[in-house]
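The lines below spell out each chain.
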Amino acid sequence: MARTKHNAVVRQYDDTFLDCRDLRHTWKCVGYYRVDGRVRRLLECVRGCGTQRHDHWKQDGERLQPAYSYANGYQVEGGMDTWEVRREVMRRATIFTSEQAMLDALTKAGAPRVKR
Ligand SMILES: [Zn+2]
């Protein structure tokens with residue numbers, strides 16, 4: 001894929017997919033089941049990116065290479081390296097002048113406060 005086209009794909013990449021590439025998936029265990037004498041565990045990402053991880057365990061507890069399945073659009077032709085991900089995260093982010101400025105802006109925006 002030509003670099004210009006690849007950059008356009010990155011710029012239009014889904015926000016949730018980008019979060020998962022940046023922060024890694026947040027797994028929830030769906031359940032365990034048996035296949036061919038092994039135990040499989042199905043995990044799903046709770047962030048909503050649609051990724052599933054299929055863990056394969058032997059009876060003695062050895063964990064084999066997991067397999068992943070992705071939603072349409074998650075995978076990008078030519079891949080995305082960590083530099084591309086971070087640059088795109090920063091391009092989309094609102095970056096405040098200080099932590100206090102960020103917290104003030106979030107409070108003014110009506111963000112819920114933690115009740116004590
Ligand atoms: Zn995810």
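I will try to describe carefully the structure that is included in this document. Computed from a prediction, not measured in an experiment: that's the story for all the values here. (Residues numbered from 1 in each chain as written. Predicted model: local features only at pLDDT ≥ 70, side-chain atom pairs only at ≥ 80, totals over all residues.)

1. Some thoughts on the packing of helix 2 (residues 15–23) against helix 3 (residues 82–92)
Thinking step 1. At their nearest, the axes of helix 2 and helix 3 sit 10 Å apart, and the two run at 125 degrees to each other. Taken together, the axes of helix 2 and helix 3 are oblique relative to one another. Where helix 2 crosses over helix 3, the two elements pack in a sense that is left-handed. Seen from helix 2, the contacting residues are Leu18, Arg21 and Asp22; seen from helix 3, they are Val85, Glu88 and Val89. (Axes fitted to C-alpha atoms, helices over the stretch in contact; angles between N-to-C directions. Helix = DSSP H or I, 4+ residues; strand = E, 2+ residues; numbered from the N terminus. Parallel < 35°, antiparallel > 145°, perpendicular 65-115°, else oblique. Left-handed = near helix turned anticlockwise from the far one by under 90°. Contact = placed C-beta atoms within 7 Å.)

2. Quick word on the pairing of strand 1 (residues 27–35)
Thinking step 1. In terms of residue burial, strand 1 counts as a barely covered element, since only 0 of its 9 residues are buried.
Thinking step 2. Hairpin connection from strand 1 to strand 2 (residues 38–45): 2 residues lie between these consecutive antiparallel strands, with aspartate 36 at a positive phi of about 50 degrees. (Buried ≥ 20, exposed ≤ 12 C-beta atoms within 10 Å, placed from the backbone. Pairing = 2+ DSSP bridges.)

3. Thoughts on unusual backbone geometry
Trans is the prevailing form of peptide bonds, just as negative phi is the prevailing case for residues other than glycine.
Thinking step 1. Residue arginine 24 is not a glycine yet carries a positive backbone phi of 75 degrees.
Thinking step 2. Mapping arginine 24 onto the fold places it in the loop between helix 2 and strand 1.
Thinking step 3. The residue aspartate 36 is not glycine, and still its phi comes out positive at about 50 degrees.
Thinking step 4. Structurally, aspartate 36 can be placed in the loop between strand 1 and strand 2.

4. Points about the sheet that holds strand 4 (residues 63–69)
Thinking step 1. One open sheet accounts for 4 strands, arranged 1-2-3-4; its pairing is antiparallel. Either end of the sheet is taken by a strand with one partner, and the two such strands are strand 1 and strand 4. Along the sheet, successive strands turn relative to each other by an average axial angle of 20 degrees, direction set aside.
Thinking step 2. With 6 bridges connecting them, strand 2 and strand 3 (residues 52–57) associate as antiparallel partners. If you follow valine 39 over to strand 3, its bridge partner there is tryptophan 57.

Keep in mind these numbers describe shape, not what the thing actually does.
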